[in-house]
Amino acid sequence: MATKQKILIVDDDNNIAELISLYLVKECFETKICNDGETAINTFDTFKPNLVLLDLMLPGIDGYQVCRELRTRSQVPIIMLSAKGEVFDKVLGLEMGADDYMEKPFDSKELVARVKAVLRRYKPQTQEAPESNDKVVRYPDLEINMTNYSVTYMGERVDMPPKELELLYFLAASPNHVFTREQLLDQIWGYEYIGDTRTVDVHIKRLREKLSDHESWRLATIWGIGYKFEVME
């Protein structure tokens, strides 16, 4: 029998947390609830969740700080939950390392669908299976491997959340092809994302912070249109 995937629910409103847990348990997930940030950080290491649902407004350590701390330990997907619906809040959450952002109140079916979608896209590192050529893209000093979700740059492993890696792979797999922000949202997120195309800009910015321009390639902005992985002739 397959092991149930674990979801850590972090919300100071226990009624909301219990309701979320009910939805997820019905879908055969195992859940654990924490009502504050410090408990969530401590529980993360022992519970070892496959995904974290993280409220922003927490007593003591807020959700942004929790997200930042968890990202120093793991690339496990994080979906932020918040009553704050401003673009600034969404962008800040994504910059902290979140994989998705949902506004409260939310529909239970959409929440479950997003959890499943993010989990489908996240592939933890394994030591199985040899690399498949159609899942690996290589350029000078850069290897993007979708088989084990890893990026190697200048001989060093680079930690990336799943969507950053998928965005980089998608662009690098079609060198010099220009994609609009809307196309990238559709291809990488795979569903109607609540937010706007700045989501793509945030992820590109984070990629550029980790991968500086190379003499052979770079992530190029095509002003007024979108982005491309430019390979120098």
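As shown above, the structure is provided for reference.
**Brief notes about the environment of Glu103**
Line of reasoning, step 1. Within the secondary structure, Glu103 is located in strand S5 (residues 100-103).
Line of reasoning, step 2. Of the residues examined, Glu103 reaches a relative accessible area of 25% and is grouped as partly exposed.
Line of reasoning, step 3. Sequence separation between Glu103 and Ser150 is 47 residues; the distance between their C-alpha atoms is 30 Å.

**Topic: the sheet that holds strand S2 (residues 30-34)**
Line of reasoning, step 1. The five strands are arranged S2-S1-S3-S4-S5 in an open sheet whose pairing can be described as parallel. Both outer strands of the open sheet, S2 and S5, are each paired with one neighbouring strand and no more. Neighbour to neighbour, the strand axes of the sheet diverge by 20° on average, direction disregarded.
Line of reasoning, step 2. Bridging between strand S3 (residues 51-55) and strand S4 (residues 78-82) involves four bridges; their strand directions are parallel. Bridge pairing links Leu54 to Met80 in S4.
Line of reasoning, step 3. Along the sheet, helix H4 (residues 87-96) makes contact with S4 and S5, crossing S5 at roughly 150°.

**Some details on the pattern of salt bridges**
Line of reasoning, step 1. The full count for this structure, using the stated rule, is 13 salt bridges.
Line of reasoning, step 2. The partner of Lys104 in a salt bridge is Asp11, and the shortest N-O contact between them spans 2.7 Å. Of this pair, Lys104 sits in the loop between S5 and helix H5 (108-121) while Asp11 sits in the loop between strand S1 (6-10) and helix H1 (14-26), placing them 93 residues apart in sequence.
Line of reasoning, step 3. Residue class for Asp11 comes out buried when judged on its relative accessible area of 1%.
Line of reasoning, step 4. A salt bridge links Lys104 to Asp55; the shortest N-O distance between them is 3.2 Å. With Lys104 in the loop between S5 and H5 and Asp55 in strand S3, this residue pair connects regions lying 49 residues apart in the sequence. Across the pair, exposure class does not vary: Lys104 and Asp55 are buried alike.
Line of reasoning, step 5. Within this structure, Asp11, Asp55 and Lys104 form a network of salt bridges that share partners.

Definitions and cut-offs
- Residues numbered from 1 in each chain as written.
- Predicted model: local features only at pLDDT ≥ 70, side-chain atom pairs only at ≥ 80, totals over all residues.
- Heavy atoms only, no water.
- Helix = DSSP H or I, 4+ residues; strand = E, 2+ residues; numbered from the N terminus.
- Buried < 20%, exposed > 50% of the residue type's maximum accessible area, 1.4 Å probe, protein only.
- Pairing = 2+ DSSP bridges.
- Axes fitted to C-alpha atoms, helices over the stretch in contact; angles between N-to-C directions.
- Contact = heavy atoms within 4.5 Å.
- Salt bridge = Lys/Arg side-chain N within 4 Å of Asp/Glu carboxyl O.

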